Structures are given as C-alpha cells and as structure tokens.
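Analysis of the macromolecular model
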Amino acid sequence: MKQVAIITGASRGIGAAVAQRLAKDGFAVVINYAGNVAEADKVVAAITADGGTAIAIQADVAQSADVRKLFDQTIAQLGRVDVLVNNAGIMPPQLPHLSATDDDTFDRLVAVNLKGSFNAMREASTRLQQGGRIINFSSSLVGTLLPGYSAYVATKAGIEGMTTILAKELRGKNITVNAVAPGPTATALFLDGKTPEVVERLAKMAPLERLGTPEDIANAVSFLAGPDGGWINGQTLRANGGMV
Ligand code: NDP
C-alpha cells in the first residue's frame, strides 16, 4: 500500500506543485481545496496521467468538522495518512497598516491560516501513521516584518510556535513537525494586487534576484516529507533565495 499525503489547498499555486512532487516521490496524494473543484480535478488528472495516485476532497480548513471529514474520507478511500502538508492559506491583496485593518480581514486571516492549520495539525496528531510527517506553512515575512503584513504575520508566527510545541508533544510517536517559510513565490496569492514594479522590487530583495517558483518550495517540502529529512524536527525552514 502506498504512503498517503494530504495537501491542503492543493488546487492551485504551491499546494498543486507540492502534490505533483509528492506523487512523483511515490505518495498517493489527496488534493484538498476550498471551492475550486475544476482546478482540483485538473491537478488530479495531471497526476493520474503521469501514473500517480490522486483524489480530490473539498474541505474548508477553517471548519474543524470539514477537516475531520477530510481525514475520514482519506482513510476510507486510501487506507491511511502518513503526511500532512498544511499549505492552505490566504493573504488579502490589499495590505493596509494595522491601524486601518478591519475586523473581517483580521478574523478571516486567523480563521483560515491559524485555526485552519491548527485544525489539521490536531487531526493529524492522532491519526498519522508511525513515522509520519507534518509540514506547516509559515512565511519569510516573519523575518522581514514588512509594514502592512501585521495580521498575516501574526497568523504565520503563531504557526511557527505551534510547529515546535507539537513536535515536542508528539514525543514517542516518531512523527516530525516542521514548517516551510517561503519568500515571495510566483502564485496568485503573491501577484494579485501588485504592480509589476512592486513585484520586481520584492523579487530583487533576495540575493538570488528572482521570485521563488512553486516547484522551489515543493523541493523543500519533498525533502522534509522524505527519508533524507527524517532528522529535522520542530524547525522552520526558510525557502527564499536568501532574502532573510
Ligand atoms: P494560492 O492563493 O495560489 O492558493 C491557495 C490554495 O489554498 C488554493 O488551493 C485554495 O483553494 C486553498 N484554500 C484557500 N482557503 C482555503 C480554505 N479555507 N480551505 C481549504 N483550502 C483553502 O496560494 P499560495 O500557493 O501562494 O500559498 C500557499 C501557502 O504558502 C499559504 O499558506 C501562503 O500563506 C504560503 N506562502 C505563500 C507565499 C507566496 O509568495 N506565494 C509566501 C509565503 C508563504 P481554492 O482553489 O479552492 O480556492
């Protein structure tokens, strides 16, 4: 039986690239999505056409009942869960200063990014196989601390904290918990709402002078999910071309 990886938010962007990479690595993958069934089905079709195993499951990670069902349906259809990639996340295209951030924006960021990651970590902590891996998603903004990102960074700093604590709490289960913290990466989440000049300026912040690609980030996740990453535990790995 193949090992099984759930990737939250895998219909597009980084999650879709992670799913394709983990399928190549030999995992059966679950393409979780919130609303975009057509994009999720395309990722499943691409993986299946390549000889991999993939299924799509809808679940809003902000809803703990949905996340429970995501794990229930995965186990019913694929028999087990070995890896959770907690990738689903949002970032509003407009990023006002803290003083002008409205309640809805703050609450939604906390619900999807922080509570969503918590919901999936909680489920994974009791349902992953021995030897399992949990890979959360932070952001290199926790290091750069640029103005405008206060609410978003609050959710990601919280995820980094939970990552290290959960790693300790899973003592004896042989399950590692780590986070990947990408820098600016060419997906809708990063590009929407930015002028080409702003994109160029942010891309040039890294000494490698380009945006990350979803595949750059998938490489880091593949390392943490695979045999070579087995001794890394409780850490946040910044994948950002050296920006911070
Ligand atoms: P995208 O906007 O490209 O994709 C987001 C994915 O998350 C989609 O598959 C979307 O599903 C899914 N999603 C959104 N909300 C929910 C929800 N409530 N429940 C389930 N799935 C949901 O984002 P990226 O690929 O750029 O980002 C992936 C992760 O990387 C995020 O955690 C982000 O914070 C982090 N990150 C990204 C950076 C970047 O520059 N791109 C930099 C640093 C961190 P659907 O298609 O159904 O809407």
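A short tour of the structure in this document, coming up.

What to know about the environment of E209
Its place among the elements puts E209 in the loop between helix 8 (196-203) and helix 9 (214-225). The spacing of E209 and K42 is 167 residues in sequence and 31 Å in space, taken between C-alpha atoms. Ignoring sequence-local partners within four residues, the contact set of E209 consists of A203 and K204.

Examining the sheet that holds strand 7 (residues 236-239)
Read from one edge to the other, the open sheet built from 7 strands follows the order 3-2-1-4-5-6-7, with strand pairing classed as parallel. Where the open sheet ends on each side, the last strands, each with one partner, are strand 3 (54-58) and strand 7. The sheet shows a mean angle of 20 degrees between the axes of neighbouring strands, direction not considered. Pairing of strand 4 (residues 83-86) with strand 5 (residues 133-137) involves 4 bridges; the strand directions are parallel. From the neighbouring strand, V85 faces strand 5, where its bridge partner is I135.

Examining the layout of surface pockets
Taken as a whole, the largest pocket holds about 940 Å³ of empty space. Residue lining of the largest pocket: 44 residues in total, with N87, G89, I90, M91 and L189 positioned closest to the centre. Taken together, the elements giving at least two residues each to the lining of the largest pocket come down to helix 1 (13-24), strand 2 (28-33), helix 4 (103-127), helix 5 (141-144), helix 6 (150-169) and helix 7 (188-191). In this structure, the second largest pocket occupies an estimated 270 Å³ of space. Lining the second largest pocket are 14 residues, with N174, I175, T176, G230 and N233 positioned closest to its centre.

A word on the pattern of salt bridges
A side chain of one charge can pair with a side chain of the opposite charge if their charged atoms are brought near each other. A full pass over the atoms with the stated rule returns 8 salt bridges. Its salt-bridge partner being D50, residue K24 comes within 3.8 Å of it at the nearest N-O pair. With K24 in helix 1 and D50 in the loop between helix 2 (37-49) and strand 3, the pair connects residues that are 26 residues apart, well separated along the chain. The class of K24 is exposed, set by a relative accessible area of 62%. Between R210 and D216 there is a salt bridge, with its nearest N and O atoms 2.8 Å apart. Judged by its relative accessible area of 44%, R210 falls in the partly exposed class. Sharing partners across several salt bridges, the network here consists of D72, E123 and R127.

Digging into the site of the ligand
With respect to spatial proximity, 31 residues lie near the ligand, and among them S11, R12, G35, Y152 and T187 are the closest. Between an oxygen atom of the ligand and a main-chain N or O atom of G9, the distance comes to 3.2 Å. One of the side-chain N or O atoms of R12 is found 2.8 Å from an oxygen atom in the ligand. Look at the ligand: alone it shows 910 Å² of surface, and the protein chains cover 93% of it. Its atoms largely coinciding with the cavity grid, the ligand occupies the largest pocket. Mapped by element, the contributors of at least two residues to the shell around the ligand are helix 1, strand 2, helix 6 and helix 7. Considering only residue class, the shell around the ligand consists of 15 nonpolar, 13 polar and 3 charged.

Conventions we followed
- Residues numbered from 1 in each chain as written.
- Predicted model: local features only at pLDDT ≥ 70, side-chain atom pairs only at ≥ 80, totals over all residues.
- Heavy atoms only, no water.
- Helix = DSSP H or I, 4+ residues; strand = E, 2+ residues; numbered from the N terminus.
- Contact = heavy atoms within 4.5 Å.
- Pairing = 2+ DSSP bridges.
- Axes fitted to C-alpha atoms, helices over the stretch in contact; angles between N-to-C directions.
- 1 Å grid on protein atoms, 1.4 Å probe; cavity = no way out; pocket = protein on both sides within 12 Å on 5 of 7 lines; lining within 4 Å.
- Points joined across faces, edges and corners; volume = space filled by probe spheres on them.
- Salt bridge = Lys/Arg side-chain N within 4 Å of Asp/Glu carboxyl O.
- Buried < 20%, exposed > 50% of the residue type's maximum accessible area, 1.4 Å probe, protein only.
- Near = heavy atom within 4 Å.
- Polar contact = N/O pair within 3.5 Å; in protein donor to acceptor, adjacent residues only side chain to side chain.
- Areas by Shrake-Rupley, 256 points an atom, 1.4 Å probe, with all protein chains shown as cover.
- Sits in = over half its atoms within 2 Å of the grid points.
- Nonpolar A, V, L, I, M, F, W, Y, C, P; charged D, E, K, R; others polar.

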